[in-house]
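Structural characterization, general
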Amino acid sequence: PDKGKPATAPASYPMAPIGTVESCFSTRNGTPRQPLVVPLARATVVLNPARVAAEALEGLASYSHCWILYVFHLNTDLDKMWKDPARSKLKAKVRVPRLKGGKMGVLATRTPHRPNPIGLSVAKVWRQWMDMQFCFLE
């Protein structure tokens, strides 16, 4: 690279899943939007040992919480958004339940239907790491 010019960012970033979340909810519909509505709900993050070495988790058990980044893979418009963004029907504003039908910008909400389907949750670490699994609360 030329030292006088700043590096340009790539147009996309290839990613591959390193694990999956196994939730106590079997379908997208019916899953609560607010995690505190169902305080006993649990999920397990199962990491793929081919992508994440057990040593990568060393020390994590000494923390009370961790961050989980994930893809809203059940977003109904995801295939169109990735394969043909021009056909995607993403809306700039969505209805927010707490606004009684009022709309808010999509990036100010927790809707999974976003221009970039990446989500972030804080997770409570509550047990030792065995079999490349750990549990969390949203």
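Residues numbered from 1 in each chain as written. Predicted model: local features only at pLDDT ≥ 70, side-chain atom pairs only at ≥ 80, totals over all residues. Heavy atoms only, no water.

As annotated in an unreviewed UniProt entry, the protein chain is TsaA-like domain-containing protein from Aegilops tauschii subsp. strangulata. Note on the protein chain: under the UniProt heading Sequence similarities (unreviewed entry), the record states "Belongs to the tRNA methyltransferase O family." (UniProt positions renumbered as here; feature names shortened; annotations may be inferred.)

Burial along strand S6 (residues 118-124) is one-sided: Gly119, Ser121 and Ala123 are buried, while Ile118, Leu120, Val122 and Lys124, pointing the other way, are not. Pairing of strand S3 (residues 65-71) with S6 involves 7 bridges; the strand directions are antiparallel. Note on S6: the bridge partner recorded for leucine 69 is leucine 120. (Buried < 20%, exposed > 50% of the residue type's maximum accessible area, 1.4 Å probe, protein only. Helix = DSSP H or I, 4+ residues; strand = E, 2+ residues; numbered from the N terminus. Pairing = 2+ DSSP bridges.)

Note that threonine 44 resides in strand S2 (residues 43-47). Counting along the chain gives 20 residues from threonine 44 to cysteine 24, while the straight-line C-alpha distance between them is 8.8 Å.

Our next topic: the nonpolar core. Core analysis: the biggest nonpolar cluster contains 8 residues, these being Val45, Leu47, Val52, Leu57, Cys66, Ile68, Ala123 and Val125. Secondary-structure elements contributing two or more residues to this core are S2 and S3. (Core = buried A, V, L, I, M, F, W, Y, C linked by side-chain atoms within 4.5 Å.)

The subject of this paragraph is the environment of glycine 102. Its place among the elements puts glycine 102 in the loop between strand S4 (93-95) and strand S5 (103-105). On the basis of relative accessible area, glycine 102 is assigned to the partly exposed category, the value being 23%.

What follows is about a nonpolar patch on the surface. Side chains of Met15, Trp67, Leu69, Val71, Trp82, Ile118, Leu120 and Val122 sit close together on the surface and give an oily, nonpolar patch of about 890 Å² of accessible area. For the nonpolar patch, the elements supplying multiple residues, two or more each, are S3 and S6. Tracing the backbone through its elements, the reader meets leucine 69 in strand S3. Residue classification places leucine 69 among the exposed residues on the basis of a relative accessible area of 66%. (Patch = residues over 30% accessible without salt bridge, like charges linked within 9 Å, V, L, I, M, F, W, Y side chains within 5 Å. Areas by Shrake-Rupley, 256 points an atom, 1.4 Å probe, with all protein chains shown as cover. Salt bridge = Lys/Arg side-chain N within 4 Å of Asp/Glu carboxyl O.)

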